[in-house]
Amino acid sequence: MSIRVAKTGNEAVAEGMRQINPDVVAAYPITPQTEIVQIFSSFVANGKVDTEFVTVESEHSAMSATVGASSAGARAMTATSANGLALMWEIVYIAASMRLPIVMPVVNRALSGPINIHCDHSDTMGARDAGWVQIFSENAQEAYDNLLQAVRIAEDKNVLLPVMVTMDGFIISHAMEVMHLLEDEKVRKWVGEYVPENPLLDVDNPVTVGPLDLYDWNMEHKRQQAEAMIQAKPVILEVAKDYAKLSGREYGLFEEYMLDDAEIAIVVLGSTAGTAKEVVKALRADGVKAGLLKVRVFRPFPAREIAAALGGKKAIAVMDRSDSFNAVSGPVFAEVRSAMYGVENAPKIVDYIYGIGGRDVTMDHIKSVYDDLAKIVKTGQVERALTYLGIRE
Amino acid sequence: MAKSIDEYLRTQFMPHIWCPGCGHGIVLNALLRAVARLDLPKDQVCVVSGIGCASRAPGYLDFNTLHTTHGRAIAFATGIKLANPDLHVIVVTGDGDGAAIGGNHLIHAARRNMGVTTVMFNNSIYGMTNGQYSPLTPSGMFAATAPYGNVERNFDMCELVRASGANYVARATVAQARQLSTYIERAIENPGFAFVEAVGSCPTYFGRRNKLGSSLQMLETLKKNSVTAAAAAKLDPAELRGKIIIGEFYRGDAPGYIELYDGVIERAKEAAGK
């Protein structure tokens, strides 16, 4: 059976990488991700993995080396945070459009400036249109579980897309929790061997990767990329089902917490879901019909499924841990409200931007959101469509 | 009586983040004493940094300061210098920031002979992220990412920058604080690209892992291992192994980029008949 351990999120993900035993890892240090690849580098040095570890001179090179390795037919990984992801930008898009099944843990941190090293989702939310599958984690256990599943999702022949597995910087990455690891052999068998389709190293069947692709075929290739993301949704669910058999832990596109009969609910990603669940529990004890929907898979966005889950509720608050600076809302709100368009008896829906730059989010903050929703239900009026939670102004 | 450096410090942001025994304070002190001797007005100095332990310095300095992204300080500084050539633009950078992720900007600023002074705080390690080896970690030394010793070779930054075309190139360790300060002073005075490598020490992540003793012992070691450029010229490579060559390696007077650019403006004006 599985192994009960106390691990930080970074340690858990490093253990997961060890069990996956990728062929190549290329990485550059950045807080709060550094630990993942640093721990992993000790596995390399001590012969615990067969990985070629490349200590590149920047994140742009880290993603480039990963793309090179993956094109050659290797199972390749890297990890980063915030400005590291931003520096990778050019190659992040290329990894997706070349259909390379790279898996990358991203430890969420506020994107500069001003310089900040603490958690918000501005880094990965900025990359939401890069063509990567994006999976968010609530705690170290989920980060580990999502990482292992990511390999199978990425390498599925119907997908062949890179996958970002995120966890909240410091809150998950550096906090220790009790969790369960699977046995090494079990993981290796479940993850399986990667058999690339057209690797550069297959010298008998030479291929060209990444050539110029102008107006004659570029649009068709982009359409194929879009199709892969559509196909990813059923694959993610199949992989989750199979992973449940292995681990006993079940995952979907999102998690519904006391949502069935809820009248008011919040939509949230990452570690704040844990805080919010405690608030829901307390509210339920007071007879308030509160619920929660935690988005696990943000790309592909499960619009239809979320609309079905939220339809019939009276008021919904979307929690955004980043801002779109579009003068309307955060990115998650835009997606959720768009998903709700045309839904009969659609609930009132409001946005909360919270936890920017690591600003602490307490149960009282979340409680105030549910209080606002209760007021909206009572009065039928939305006073504020967008609230910056706990802001001094 | 030397001018006090206190007026250049934003003491309200103290205490600083550097560990006890860190060499960065000595480098910063040398820089400020150079500025004091040159008696530069605070408003005529702009200090630019990237990311890392060294790059935290501008936060404590009461000049015009700009804290930028990892490795890019020299690129930002180039923009500042071009926008306001009268400013004394000083970049403070580390070995990870300036030699790894920002190495390209460094060599091209040197090639252009851009009028920027760069002081590289070389502590041989990525300190801020807990001690990964950098391009200036000497071969064989231990680091978080090199538990059995670093197999990579390290750059000689002074040779690199000299070969790239800089007007002024010098190196001293934090065990030669006065010399270091003199080099920084001459660097600031030079109108072209000027580079001073300040070899320091990171007792927390480099020293501890390599069993180099206390910060004081590390300072002693730096002093003991320093060889002047003149003395080094008489030694063979085997004798120079593990030594740090200090001194001024190049003092040139090639026109800086700003002077050349002013020439372009003059020629363009003449061509336009103005």
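In what follows, the structure referred to is the one given above.
Residues numbered from 1 in each chain as written. Chains lettered and ligands numbered in written order. Predicted model: local features only at pLDDT ≥ 70, side-chain atom pairs only at ≥ 80, totals over all residues. Heavy atoms only, no water.

Draft legend 1. How the structure looks around the overall build of chain B. Of the regular secondary structure elements, chain B holds eleven helices and eight strands. Computed over the C-alpha atoms, the radius of gyration of chain B is 19 Å, within 12% of the 19 Å expected from 2.2 N^0.38 for a compact globule of 274 residues. The principal-axis extents of the C-alpha atoms in chain B amount to approximately 70 × 45 × 40 Å. Expressed as a percentage of the 274 residues in chain B, the buried residues total 51%. Counted over contacts in chain B with a minimum sequence separation of 6, partners at least 24 positions apart contribute 68%. Total accessible area computed for chain B in this model is approximately 12,700 Å², and 54% of it derives from carbon and sulfur atoms. Looking at chain B, you have 27 positive and 23 negative side-chain charges, and the mean spots of the two groups are 6 Å apart. (Helix = DSSP H or I, 4+ residues; strand = E, 2+ residues; numbered from the N terminus. Rg over C-alpha atoms; globule rule 2.2 N^0.38 Å. Buried < 20%, exposed > 50% of the residue type's maximum accessible area, 1.4 Å probe, protein only. Contact = heavy atoms within 4.5 Å. Areas by Shrake-Rupley, 256 points an atom, 1.4 Å probe, with all protein chains shown as cover. Lys, Arg positive; Asp, Glu negative; His and termini not counted. Charge placed at Lys NZ, Arg CZ, Asp CG, Glu CD.)

Draft legend 2. Highlighting the packing of aromatic side chains. Summed over the entire model, instances satisfying the criterion amount to ten aromatic pairs over all chains. Taking the centre distance of 5.6 Å and the plane angle of 70° together, the rings of Phe 298 of chain A and Phe 301 of chain A count as edge-to-face. The two residues Phe 298 of chain A and Phe 301 of chain A agree in class, both being buried. Here Tyr 257 of chain B and Tyr 261 of chain B contribute two aromatic rings whose centre-to-centre distance is 5.9 Å and whose plane-to-plane angle is 20°, an arrangement assigned as stacked. With Tyr 257 of chain B and Tyr 261 of chain B both in helix H11 (residues 257-271) and four residues apart, this pair spans about one turn of that helix. Residue classification places Tyr 257 of chain B among the partly exposed residues on the basis of a relative accessible area of 24%. Residue class for Tyr 261 of chain B comes out partly exposed when judged on its relative accessible area of 42%. Among the aromatic side chains, those forming a connected cluster through ring pairs are Phe 40, Phe 43 and Phe 53 of chain A. (Phe/Tyr/Trp six-rings, centres within 6.5 Å; stacked < 30°, edge-to-face > 60°.)

Draft legend 3. Spotlight on the interface of chain B and chain A. Between chain B and chain A, the residue contacts involve 19 residues of the former and 16 residues of the latter. With both chains or domains summed, chain B and chain A bury close to 1,200 Å², and 61% of this area falls on carbon and sulfur atoms. Scanning the region where chain B abuts chain A turns up zero salt bridges. The interface formed by chain B and chain A holds seven residue pairs in polar contact (both at pLDDT 80 or more) in total. Per-element tally for the side of chain B that touches chain A: the top contributor is helix H3 (residues 95-101) of chain B, with three residues. Tallied by class, the residues present in the side of chain B that touches chain A amount to eight nonpolar, nine polar and two charged. (Buried area = accessible area lost by both parts, 1.4 Å probe. Salt bridge = Lys/Arg side-chain N within 4 Å of Asp/Glu carboxyl O. Polar contact = N/O pair within 3.5 Å; in protein donor to acceptor, adjacent residues only side chain to side chain. Nonpolar A, V, L, I, M, F, W, Y, C, P; charged D, E, K, R; others polar.)

Draft legend 4. Layout of a nonpolar patch on the surface. A contiguous nonpolar surface patch, about 190 Å² in accessible area, is contributed by Leu 200, Val 207 and Val 209 of chain A. Examined against the element boundaries, Val 207 of chain A turns out to sit in the loop between helix H7 (184-191) and helix H8 (218-247). (Patch = residues over 30% accessible without salt bridge, like charges linked within 9 Å, V, L, I, M, F, W, Y side chains within 5 Å.)

Draft legend 5. Just the nonpolar core, in detail. If you look at the biggest cluster of nonpolar residues, it comprises 76 residues, and the most contacted ones within it are Tyr 144, Leu 293, Leu 310 and Val 336 of chain A. Counting residues domain by domain, this core receives three or more from each of domain 1 (3-247) and domain 2 (254-388) of chain A. Trp 18, Cys 22, Ala 57 and Ile 246 of chain B belong to the second largest nonpolar core, which has 40 residues in total. (Core = buried A, V, L, I, M, F, W, Y, C linked by side-chain atoms within 4.5 Å. Domains from an automatic or database assignment.)

Draft legend 6. Looking closely at the pairing of strand E14 (residues 348-353) of chain A. Residue and element names in this part refer to chain A. Of all six residues that make up E14, five are buried, and the element is covered over most of its length. Alignment of strand E13 (residues 315-320) against E14, held across six bridges, turns out to be parallel. In the strand pairing of E14, Val 318 is matched with Asp 351. Bridge analysis of E14 against strand E15 (residues 386-388) gives three bridges, and the strand direction is parallel. Residue pairing for E15: Ile 353 is matched across the bridge by Tyr 388. Regarding the hand of the β-α-β motif, the stretch spanning E14, helix H12 (residues 363-379) and E15 is left-handed. (Pairing = 2+ DSSP bridges. Right-handed = clockwise from strand over helix to strand, strands pointing away.)

Draft legend 7. Structural detail: unusual backbone geometry. Put simply, Thr 31 of chain A and Pro 32 of chain A share a cis peptide bond, and its omega is 0°. Along the chain, the position of Pro 32 of chain A falls in the loop between strand E2 (24-27) and helix H2 (34-45). Omega for the bond connecting Ser 112 of chain A with Gly 113 of chain A falls within 30 degrees of zero, at 0°, which places this linkage in the cis form. Within the element layout of this structure, Gly 113 of chain A appears in the loop between strand E5 (103-108) and helix H5 (122-126). Backbone geometry at Asn 21 of chain A places phi at a positive 55°, although glycine is not the residue there. Residue position: Asn 21 of chain A is located in the loop between helix H1 (9-20) and E2. Judged by its relative accessible area of 14%, Asn 21 of chain A falls in the buried class. Unusually for a residue other than glycine, Ser 124 of chain B sits at a positive phi of about 70°. Along the chain, Ser 124 of chain B turns up in the loop between strand E4 (116-122) and helix H5 (157-164). For Ser 124 of chain B, a relative accessible area of 11% corresponds to the buried category.

Draft legend 8. How the structure looks around the pattern of salt bridges. Applying the stated criterion across every chain, the model contains 30 salt bridges over all chains. Across the pair Asp 184 of chain A and Arg 18 of chain A runs a salt bridge whose closest N-O atoms are separated by 2.8 Å. Here Asp 184 of chain A, found in helix H7, pairs with Arg 18 of chain A, found in helix H1; they are 166 residues apart in sequence, far enough to count as distant. One salt bridge connects Lys 42 of chain B with Asp 62 of chain B, and the closest N-O pair in it is separated by 2.9 Å. Here the residue Lys 42 of chain B occupies a position in the loop between helix H1 (24-38) and strand E1 (45-49), and Asp 62 of chain B occupies one in the loop between E1 and strand E2 (64-67), the gap between them amounting to 20 residues. Residue classification places Asp 62 of chain B among the partly exposed residues on the basis of a relative accessible area of 30%. A single network of salt bridges, built from pairs that share partners, joins Glu 138, Glu 142, Glu 255, Lys 277 and Lys 294 of chain A.

Draft legend 9. Layout of the environment of Asp 372 of chain A. All names here are of chain A. As for its placement among the helices and strands, Asp 372 is situated in helix H12. Take Asp 372: its relative accessible area is 26%, and that puts it in the partly exposed class. Put simply, Asp 372 and Ala 317 are 55 residues apart on the chain and 9.0 Å apart in space, counted from C-alpha to C-alpha. In this structure, Asp 372 is in contact with Tyr 352 and Arg 384, ignoring residues within four places of it in sequence.

Draft legend 10. Geometry of the packing of helix H9 (residues 272-285) of chain A against H12 of chain A. All names here are of chain A. Remark: H9 packs on H12, axes separated minimally by 9 Å, with the N-to-C direction vectors making an angle of 60°. On the basis of their axis angle, the class for H9 and H12 is oblique. Once H9 is placed against H12, the crossing between them reads as right-handed. The segment H9 lies against H12, with Thr 272, Thr 275, Ala 276, Glu 278, Val 279, Val 280 and Leu 283 engaging Met 363, Ile 366, Lys 367 and Tyr 370. (Axes fitted to C-alpha atoms, helices over the stretch in contact; angles between N-to-C directions. Parallel < 35°, antiparallel > 145°, perpendicular 65-115°, else oblique. Left-handed = near helix turned anticlockwise from the far one by under 90°.)

Draft legend 11. Representation of the sheet that holds E4 of chain B. All names here are of chain B. Across the sheet, which stays open at both edges, the eight strands sit in the order E2-E1-E3-E4-E6-E5-E8-E7 with mixed pairing between neighbours. Where the open sheet ends on each side, the last strands, each with one partner, are E2 and strand E7 (226-228). Going from strand to strand, the sheet's axes swing by 20° on average, the running direction of each strand aside. Where E4 meets strand E6 (residues 194-199), six bridges bridge the pair, whose relative direction is parallel. Its bridge partner lying in E6, Val 119 is registered against Val 196. Sitting on the sheet, helix H8 (residues 215-225) is in contact with strand E5 (168-173), E6, E7 and strand E8 (244-251), with an inclination near 30° to E7.

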